[in-house]
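Take a look at the letters that make up each chain.
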Amino acid sequence: QVQLLESGGGLVQPGGSLRLSCVASETILSSDPMAWYRQAPGKERELVARIRSGRDPEYVSSVMGRFTISRDNAKKTVYLQMSSLKPDDTAVYYCYVRENGVIYWGKGTLVTVSS
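The structure displayed is predicted, hence computed values, not measured ones.

Undergrad: What should I look at first to understand the side chain of Asp 32 in this one?
TA: Note that Asp 32 resides in the loop between strand S3 (18-24) and strand S4 (34-39). Despite its burial, Asp 32 remains without a salt bridge, the nearest opposite charge being carried by Arg 71 at 5.5 Å.

Have a look at this one:
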């Protein structure tokens, strides 16, 4: 069983930056895909960024050039560095990992971008 705990959300002004962190309860293998999803009010959950072994990170087009996903397997942590934030980035952000065909979700952390 894998438990995921997100942190780093909060209120930020447009143009600001935040870094989200997700710590796993179990050892993270480099072969385990990890990702960040988000769900804005009234909208479906969408994939924001994904990182997989041997591949370049992938991003939804709306965040390319502004967000960076990274991971530190020794710390069992995946990060999402968010810059140039826009009001449309407001959402609950969820950490995701797929381990041995089983999908695990974090509880989510709220990011609000507003003046």
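Undergrad: Which parts of the structure should I look at to understand the pattern of salt bridges?
TA: Where side chains of opposite charge bring their charged atoms close, a pairing between them can arise. Summed over the entire model, instances satisfying the criterion amount to 5 salt bridges. Glu 46 is the salt-bridge partner of Arg 38, the closest N and O atoms lying 2.8 Å from each other. The exposure class assigned to Arg 38 is buried, which follows from its relative accessible area of 6%. Note on Glu 46: relative accessible area 29%, which makes it partly exposed. Between Glu 58 and Arg 50 there is a salt bridge; the shortest N-O distance is 2.9 Å.

Undergrad: Got a minute to help me understand the state of the cysteines in this structure?
TA: Each disulfide is one covalent bond, formed between the sulfur atoms of two cysteines. Scanning the model with the defined rule gives 1 disulfide in all. Between the sulfur atoms of Cys 22 and its disulfide mate Cys 95 the distance is 2.1 Å. Taking the sign of the S-S torsion, -85° for the link of Cys 22 and Cys 95, the bridge is left-handed. Residue Cys 22 is found in strand S3, and its partner Cys 95 is found in strand S9 (residues 91-99); the two are separated by 73 residues along the sequence.

Undergrad: Explanation requested: the pairing of strand S11 (residues 109-113) in the structure shown.
TA: Here is the key point about a regular strand: its side chains alternate between the two faces of the sheet. Burial along S11 is one-sided: Thr 109, Val 111 and Val 113 are buried, while Leu 110 and Thr 112, pointing the other way, are not. The pairing of S9 with S11 spans 3 bridges and is antiparallel. Its bridge partner lying in S11, Tyr 93 is registered against Thr 109.

Undergrad: What am I meant to see in the environment of Arg 19 here?
TA: As for its placement among the helices and strands, Arg 19 is situated in strand S3. The exposure class of Arg 19 is partly exposed, given its relative accessible area of 48%. Each residue touching Arg 19, except ones within four places of it in the same chain, is listed here: Ser 7, Gly 8, Tyr 79, Leu 80 and Gln 81.

Undergrad: Whenever I open this one, the sheet that holds strand S8 (residues 77-82) confuses me. Can you help?
TA: Note: strands within a sheet are paired through backbone hydrogen bonds, in either parallel or antiparallel orientation. Spatial ordering of the open sheet is given by S1-S3-S8-S7, a layout of 4 strands whose pairing is antiparallel. Strands with a single pairing partner mark the edges of an open sheet, and in this sheet they are strand S1 (4-7) and strand S7 (67-72). The sheet shows a mean angle of 15° between the axes of neighbouring strands, taken without regard to direction. Where S7 and S8 come together, 6 bridges link them in antiparallel fashion. Across the sheet, Phe 67 pairs through a bridge with Met 82, a residue of S8.

Undergrad: Before we go on, may I ask you to explain the environment of Val 113 in this structure?
TA: Within the element layout of this structure, Val 113 appears in strand S11. Between the C-alpha atom of Val 113 and that of Gln 13, which follows or precedes it by 100 residues, the distance is 5.4 Å. Val 113 has contacts with Val 12, Gln 13, Pro 14, Leu 85, Lys 86, Pro 87, Asp 89 and Thr 90, leaving out every residue within four places of it along the chain.

Definitions and cut-offs
Residues numbered from 1 in each chain as written. Predicted model: local features only at pLDDT ≥ 70, side-chain atom pairs only at ≥ 80, totals over all residues. Heavy atoms only, no water. Helix = DSSP H or I, 4+ residues; strand = E, 2+ residues; numbered from the N terminus. Buried < 20%, exposed > 50% of the residue type's maximum accessible area, 1.4 Å probe, protein only. Lys, Arg positive; Asp, Glu negative; His and termini not counted. Salt bridge = Lys/Arg side-chain N within 4 Å of Asp/Glu carboxyl O. Disulfide = S-S within 2.5 Å. Pairing = 2+ DSSP bridges. Contact = heavy atoms within 4.5 Å. Axes fitted to C-alpha atoms, helices over the stretch in contact; angles between N-to-C directions.

Distances and angles like these do not, on their own, reveal function.
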